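Coordinate inspection notes
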Amino acid sequence: MTAINDVTDYTRDGEVGVITLNSPPVNALSAGVRDGLAEGMKAALADAGVKAVVLICEGRTFIAGADITEFGGPQKGASLFEVQNAIEGAAKPVVAAIHGTALGGGLEVALTCHYRVAVPSARCGLPEVNLGLLPGAGGTQRLPRIVGVQKALEMVTSGQHVPAKDCLAMGLVDELVEEGRLRDGALAFARKVIAENRPLKRVRDLEDKISAARDQPEIFAAFRKANARRFRGFLAPEYNIRCIEAAVNEPFDDGLKTERRLFAEVLTGPQSAAQRYGFFAERTAAKIPDVPDDTPVIPVTSVGIIGAGTMGGGIAMNFANAGIAVTLVEVKAEALERGLAVVRKNYERTASRGGITSAQVEERMALIRGSLSLDDLAGADLVIEAVFERMDIKKDIFARLDAICKPGAILATNTSGLNIDEIASVTKRPEAVIGLHFFSPANVMKLLEVVRADHTSKEVIATAMKLARRIGKIAVLVGVCPGFVGNRILGARQREAQKLVMEGAMPWDIDRVLYDFGFPMGPFAMSDLAGLDIGWVKERSKGESIRDVLCEMDRRGQKTGAGYYDYDENRNASPSPVTEKIIHDFIARSGANPREISDEEILERCLFPMVNEGAKILEEGKAIRASDIDVVWQNGYGWPVYRGGPMFWGGQVGLDKVLAGMRRFEATMGEAYKPAALLETLAQEGKRFPGAG
Ligand code: 3HC
């Protein structure tokens, strides 16, 4: 074996030369890896006894893409194009041996190899779109030449990781080899290529899959139209589509040039900066400074959930999906049955769309056992309380759990903002108490706020963070404060939206501005969807707010066909003259005059206080870092990922501008708008929030 450099080895196995990369954690195409590949290819080509070459990786994966940390920095080492040309132009067949994930630049390298083999568990994809990018190393030009235009369009605009079996079916992989025996399988395949004297298959020369789509812009127009909703606001999908169009309509080398030009454009644009930031922010959130990665975790094999409502049922599904047994406890048999029926219905809906098999529906349902007694939670490793948001009820439950649950069990509450220290105080084991704030629908939403109370132990925190990953959630550790991080910042925005209405902006104006900014919907459309009567009590309603009046008129949102908006039979919303009149009456009664409010003012009034609230959260240490706040807002509240998150966005806009806005608001509207000290300091120093852009 010859060490090419510290991440690459070259060795010979009979007539096959083997280049092995070993650059943890994911064999990204760093300068060292590129150099190793270039030199490895030279060694293999110069090795007279070698008739074919295998490219394989050590560790958990094949090359998972370009090294994203290098983007924007100076180019060092061999360029990726040089490496690819050396492989594709080689006079000896090169076989890529894929395990783990061949992604982005990794798949693009594999596409310059003449053959590809993979183990069944491998996946291939071009996920650059999720970083606001496009495959910039020929991926958009080579992929359609193998899989055809339609599949290529799907893959580059979704970034999906395609299972090896499907890759085989579409020709992206030539052969599947036995799991766990990739090297042997790849060597055997290479020997077959030598023995059968198979040709050097260069993807760049293939034409048959793309020629049919040539000069047919309608194919691309139809794809854009069909996916307009999914792509709304994002630049990268469109750029990816244009590259596939170039692959179809331009000669290969011209197409490559187009791809390179468009890649440079997206790479230097603000959206990709935000999306790459989001990628690392998500991974950074898993790192807790005082809870090191090797902190012991508590094994969790059984979970108890109290409350079989929408939330409890959704939470139960997460664990059952991960193969973890759940005991779902309700007070009344009827509620329990209803809850379990909803869970079943959700699973069956997924099965009817092909997401899981009917057998899986049964397997998962079998993991969820209903119960009417808290005593059945005695053996649970983790109990999550998901009942009504009332402190007295929660305290009562925790006192009982403390008596029932085994020593070492974790006692969690799904409260969305109550004081967890107070809840923990009724137990004799406050170190075992933690908040696990799921977002609705809990089986779908990715975010999990893990709330650390005063006495929560490090083991319990480490367990919660790791468990979150196991059930497919993105966990962010936050501290106890009203609303925690997400709802607290949401509160700042909601207050402004309500105030703006009392100043003369219509709900649909505010919704439109926030929708155009990139949120899936504005606050009033959201209220209509959720139901205006959440938390509204008819008997106590005295028409004191716009919401009160709407509810009193039975305008309770989409479900009653009217709320802030009017709805037609297909639930299409339109601005409501009724709501408008109610608003004008309220304003008149307050003695104020409605005024014209510009879109810019609406945006600043809604978003600057969010940034300011985030700064206060950081000052108080309720979030570890600014990027954690952004992860919360991207994954739990629909902040457009191409704008990073409130803290990143604040930095992009300029913290001095945010500060000036807050000062302006404070001058006219008072103390509530006082800028956070952290915002003042950073703005004066011309800085951004640390780690947020
Ligand atoms: N560059 C640099 N670092 C990367 C990286 C990359 N492409 N991919 C992953 N990493 C780092 C992560 O930041 C993380 O670092 P940390 O441990 O310090 O936090 C570590 O590798 C492990 O990553 P994950 O925690 O995500 O590990 P998983 O096992 O859960 O997932 C993965 C592995 C599926 C490969 C996932 O990391 C991933 O999706 N990576 C990004 C893949 C990608 O987007 N590739 C395209 C890059 S752009 C490109 O190739 C441009 C080209 O067209 C020119």
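Located above this text is the structure these notes cover.
The rules behind these values
The residue count restarts for each chain, going from 1 along the sequence in the order it is written. Where local features are concerned, this predicted model is filtered to residues with pLDDT of at least 70; where side-chain atom pairs are given and counted, the filter is 80 or more; whole-chain, interface and lining totals use all residues. Water and hydrogen atoms were dropped before computing side-chain values, which therefore reflect all heavy atoms in the structure. Comment: elements are numbered from the N terminus, with helices defined as DSSP H or I runs of at least four residues and strands as E runs of at least two. Only the C-alpha atoms count toward the radius of gyration. The rule for a globule is 2.2 Å times the residue count to the power 0.38. Here the term buried applies to any residue with accessible area under 20% of the maximum for its type, exposed to any over 50%, and partly exposed to those in between, with areas from a 1.4 Å probe on protein chains only. Contact criterion: two residues are considered in contact whenever any of their non-hydrogen atoms come within 4.5 Å of each other. Polar contacts, as used here, are pairs of N or O atoms within 3.5 Å; protein pairs need one atom able to donate a hydrogen and one able to accept it. Residues neighboring in sequence count only if both atoms are side-chain atoms. One side-chain nitrogen of Lys or Arg within 4 Å of one carboxyl oxygen of Asp or Glu is enough to make a salt bridge. Neighbouring residues are identified by heavy atoms, a residue being near a molecule or strand if any of them is within 4 Å of it. Reported accessibility uses the Shrake-Rupley method at a 1.4 Å probe radius. Residues are deemed covered only where the shown protein chains occlude them. The definitions used throughout rest on a 1 Å grid laid over the protein atoms alone, on which a cavity is an enclosed set of points accommodating a 1.4 Å probe that cannot get out and a pocket is an open set flanked by protein within 12 Å on both sides along at least five of seven lines; lining residues are those having an atom within 4 Å of a point. Grid points are joined across faces, edges and corners, and a volume is the space filled by probe spheres set on the points. Side-chain classes are defined by residue name, with Ala, Val, Leu, Ile, Met, Phe, Trp, Tyr, Cys and Pro counting as nonpolar, Asp, Glu, Lys and Arg as charged, and the others, Gly among them, as polar.

Let's shift gears to the overall build of the chain. Helix and strand counts for the chain stand at 29 helices and 20 strands. Relative to the globule expectation of 26 Å for 693 residues, the C-alpha radius of gyration of the chain, 28 Å, shows essentially globular dimensions. In terms of its C-alpha atoms, the chain occupies a principal-axis envelope of roughly 90 × 60 × 55 Å. The buried share of the chain, reckoned over its 693 residues, is 53%. For the chain, the share of sequence-separated contacts (at least 6 apart) that also reach a separation of at least 24 residues comes to 71%.

Okay, the environment of Lys559 next. Among the structural elements, Lys559 can be located in the loop between helix 23 (546-552) and strand 19 (565-567). Once the C-alpha coordinates of Lys559 and Ala530 are considered, the two residues, 29 residues apart in sequence, prove to be 8.8 Å apart. Residues within four places of Lys559 in sequence aside, it is in contact with Gly531, Asp533 and Arg571. There is a polar contact of 2.8 Å between the side chain of Lys559 and the side chain of Asp533.

Checked against the element boundaries, Val426 lands in the loop between helix 18 (420-424) and strand 16 (433-438). Take Val426: its relative accessible area is 29%, and that puts it in the partly exposed class. Ignoring anything within four residues of it in the chain, the contact list for Val426 reads Lys395, Phe398, Ala399 and Asp402.

This structure, assessed with the given rule, holds 50 salt bridges. Across the pair Glu385 and Lys394 runs a salt bridge, and its minimum N-O distance is 2.7 Å. For the pair Glu385 and Lys394, a shared accessibility class is recorded, and that class is buried. One salt bridge in this structure joins Glu601 and Arg595, with 2.7 Å as the shortest N-O distance. Connected through shared salt-bridge partners, Glu496, Glu503, Arg595, Glu601 and Arg605 make up one network.

Near the ligand, the surroundings consist of 25 residues, among which Arg60, Glu108, Glu128, Arg283 and Lys287 are the closest. Measuring from an oxygen atom of the ligand, one finds a side-chain N or O atom of Glu108 at 2.7 Å. Burial of the ligand by the surrounding chains reaches 78%, relative to a free accessible area of 980 Å². If you list the elements that add at least two residues to the shell around the ligand, you get strand 6 (101-103), helix 3 (105-112) and helix 13 (270-284). Per element, the largest residue contribution to the shell around the ligand is three residues, and it comes from helix 13.

Looking now at helix 27 (residues 646-653). Of all eight residues in helix 27, six are buried; the element is thus mostly enclosed. Those residues of helix 27 that sit buried are Pro646, Met647, Phe648, Trp649, Gly650 and Gly651. Buried positions along helix 27 lie against helix 13, helix 21 (507-517), helix 25 (599-619), helix 26 (626-636) and helix 28 (655-669). A positive backbone phi angle near 115 degrees is found at Gly654, which sits one or two residues after helix 27.

As a further point, take the layout of surface pockets. Over the atoms, a rolling probe the size of a water molecule traces out where space has been left empty. What the second largest pocket holds in volume is close to 560 Å³. If you trace the second largest pocket, you find 24 residues lining it, with Gly314, Met317, Val342, Asn346 and Asn443 closest to the centre. Where the lining of the second largest pocket is concerned, the elements lending two or more residues are helix 14 (310-321) and helix 15 (333-352). Here the element with the most residues in the lining of the second largest pocket is helix 15; it accounts for nine residues. The residue makeup of the lining of the second largest pocket, split by class, is nine nonpolar, 10 polar and five charged.

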